[in-house]
Amino acid sequence: MPLTLAHPELLRNANFIGGRWLAATDRTLAVTDPATGALIAQVPDSGANEARAATDAAHAAFPAWRRTPAKQRAQIIKRWNDLVTANQDDLGRLISREQGKPLAEGKGEVAYAASYIEWFAEQATRINGEVIPAPAPGRRMFALKEPVGIVAAITPWNFPAAMIARKIAPALAAGCTVVCKPAEDTPLTSLALVALAEQAGVPPGVLNIVTASRERTPEVVDSWLDDPRVRKITFTGSTPVGKHLARRSADTLKKLSLELGGNAPFIVFEDADLDAAIDGLMAAKFRNGGQTCVCPNRVFIQDAVHDAFAERLVARVAALQVGPATEASSQIGPMINERAVEKIERHVQDAVARGARILTGGVRLPALGPNYFAPTVLTNADATMACACEETFGPITPLTRFQDEGEVIAQANNTPFGLAAYFYSQDIRRVWRIADALETGIVAINEGAIAAEAAPFGGVKDSGYGREGSVHGLEDYLHTKYVCQGQLD
Ligand code: SIN
């Protein structure tokens, strides 16, 4: 099916550097539809030259942008939000086509992305410093907030609009300039967002984007890592890559925000409202086909309610409609690529070999296309299984039975990751005991949908550091300058 947009000019196939759209000079990267493998577009497969040109442009633009009054920066970012919102349908179509999430979810992601842009536009005018009471006479002391400088944003494929928005909007609000490399699987949404930022009046050089294949990404990123002018890296992706970025940026001591892998536990206690818990699990687990870093990866159900919960869950999961993103009835689209499906299949096979039982799903769906996998519920899962140790990033729900609170907390925390955790209980004392005991950056209590622009999103342990969204997400793009004036008496 052809990709038809109301505004076809949103489909860009060039880098944007220094306010100019620059087509590929040598190599190109094919962007394909994960549902069919069909070619959607070719974009530049950039390398070190393009990365350096982007840094040069961001460096040249920084002095003027940081001095632009906050109100003016806020107005430009607000216009960006308005344009993103006005183009929700086209952007939703682009997301669905290159990433594979159902169209309604694609449009929902655009609204989610816009919520960050709007929030940070408003926040741009509230970057206040402090007046510090001086400990000695004749002095005035201040803590001023300043933009960190050039920010390199490296974004993932699973939320091609929202992750750009929640990294770039606060950077612009703080007065930083940006170089960005979107995920190789989903560059088109990012390019469209940058085209809208240009239309909104973001000055040349303030926002630059270069696209690159998986093979050439290290060339682009190494150029930014080695360049002392780049003062911050913000990255969402895997833990090994995050650790590599942390090591490689040590020589230039860049500030880092790393939003890395998760292995979220989802715990249902016997006193939980089971209907609410099932609704929460369905929402959290199957959003984007299970391809989110906060989605439940391990599901622990207390013995007394395990069987009833499993039976009701299986009925809901088996009823999910799997199909192309373009079909209104689809609730789960294709997985992003063959590597993703192979990992999901490996996790299911490993779990079964170690004693898990498939209650529904567990297979590829080749009749639909190359990258479809059936929503799956497994029972008898345990900590030895790959699906309990690694992030599956797919529509698999492994259930583990537990007896008591101490045992389940030990299991929930038995992972190097610490991004999100979910639990359901109606006992107010237990609620706070468990919330305190979970070693994660995000805790969801009787709730499956946790992300919001005004909330701090991020993890602990191997899930990274730094926060996105909220005042904390803006603070990560600022540094504090202490100013002391003497001789005032
Ligand atoms: C992610 O999976 O990387 C982000 C999910 C979210 O924003 O809710």
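These remarks concern the structure in this document. Per-chain numbering applies: the sequence of each chain, read as written, is numbered from 1 onward. Two thresholds apply to this predicted model, a pLDDT of at least 70 for residue-level local features and 80 or more for giving and counting side-chain atom pairs, whereas whole-chain, interface and lining totals are computed over all residues. Computation of side-chain values: all heavy atoms of the structure, hydrogens and water removed.

1. Notes on the packing of aromatic side chains
Part 1: Within 6.5 Å between ring centres, the rings of Phe, Tyr and Trp (the latter by its six-membered ring) count as paired, and their orientation is classed by plane angle as stacked under 30 degrees, edge-to-face over 60, tilted in between. Across all of its chains, the model carries 9 aromatic pairs by this definition.
Part 2: Ring plane angle 85 degrees and centroid distance 5.6 Å describe the contact between Phe 269 and Phe 402, whose orientation is recorded as edge-to-face. Of this pair, Phe 269 sits in the loop between strand S12 (264–268) and helix H9 (274–286) while Phe 402 sits in strand S16 (residues 396–402), placing them 133 residues apart in sequence.
Part 3: By relative accessible area, which is 0% here, Phe 402 ends up buried.
Part 4: In textbook terms, an aromatic cluster arises when at least three aromatic residues are bridged by ring pairs, as seen for Tyr 112, Tyr 116 and Phe 159.
Part 5: We call a charge positioned above a ring when the Lys NZ or Arg CZ atom is no farther than 6 Å from the ring centre and deviates by at most 35 degrees from the ring normal. Positioned over the ring face of Tyr 477 is Lys 232, at 4.6 Å from the centre of the ring.
Part 6: For the cation-ring pair, Arg 287 lies above Tyr 112, with the distance from its terminal atom to the ring centre recorded as 5.6 Å. Secondary structure counts use DSSP, requiring at least four H or I residues in a row for a helix and at least two E residues in a row for a strand, with both numbered from the N terminus. Relative accessible area decides the class of each residue, using a 1.4 Å probe on protein chains only: under 20% of the type maximum gives buried, over 50% gives exposed, and in between gives partly exposed.

2. Some details on the nonpolar core
Part 1: Grouping buried Ala, Val, Leu, Ile, Met, Phe, Trp, Tyr and Cys residues that are joined through side-chain atoms within 4.5 Å yields what is termed a nonpolar core. Trp 80, Val 84, Ile 168, Leu 172 and Val 178 are the most contacted members of the largest nonpolar core, which has 62 residues in total.
Part 2: The element best represented in this core is helix H5 (residues 162–174), accounting for 10 residues.
Part 3: Counting residues in hydrophobic clusters, the runner-up holds 52 residues, among them Ile 278, Ala 284, Ile 336 and Ala 351.

3. Notes on the sheet that holds strand S6 (residues 140–147)
Part 1: Read from one edge to the other, the open sheet built from 3 strands follows the order S5-S6-S22, with strand pairing classed as antiparallel. Each edge of the open sheet carries a strand with a single partner, namely strand S5 (130–132) and strand S22 (478–485). Strand-to-strand twist of the sheet, defined as the mean angle between neighbouring strand axes without regard to direction, takes the value 25 degrees.
Part 2: Two strands qualify as a pair provided DSSP detects at least 2 bridges between them. Strand direction decides the pairing type here: S5 and S6, joined by 3 bridges, are antiparallel. Its bridge partner being in S6, Glu 130 is matched across the sheet by Ala 143. Convention adopted: a line fitted to C-alpha atoms gives each axis, helices being fitted over their contacting stretch, and angles between N-to-C directions are expressed from 0 to 180 degrees.

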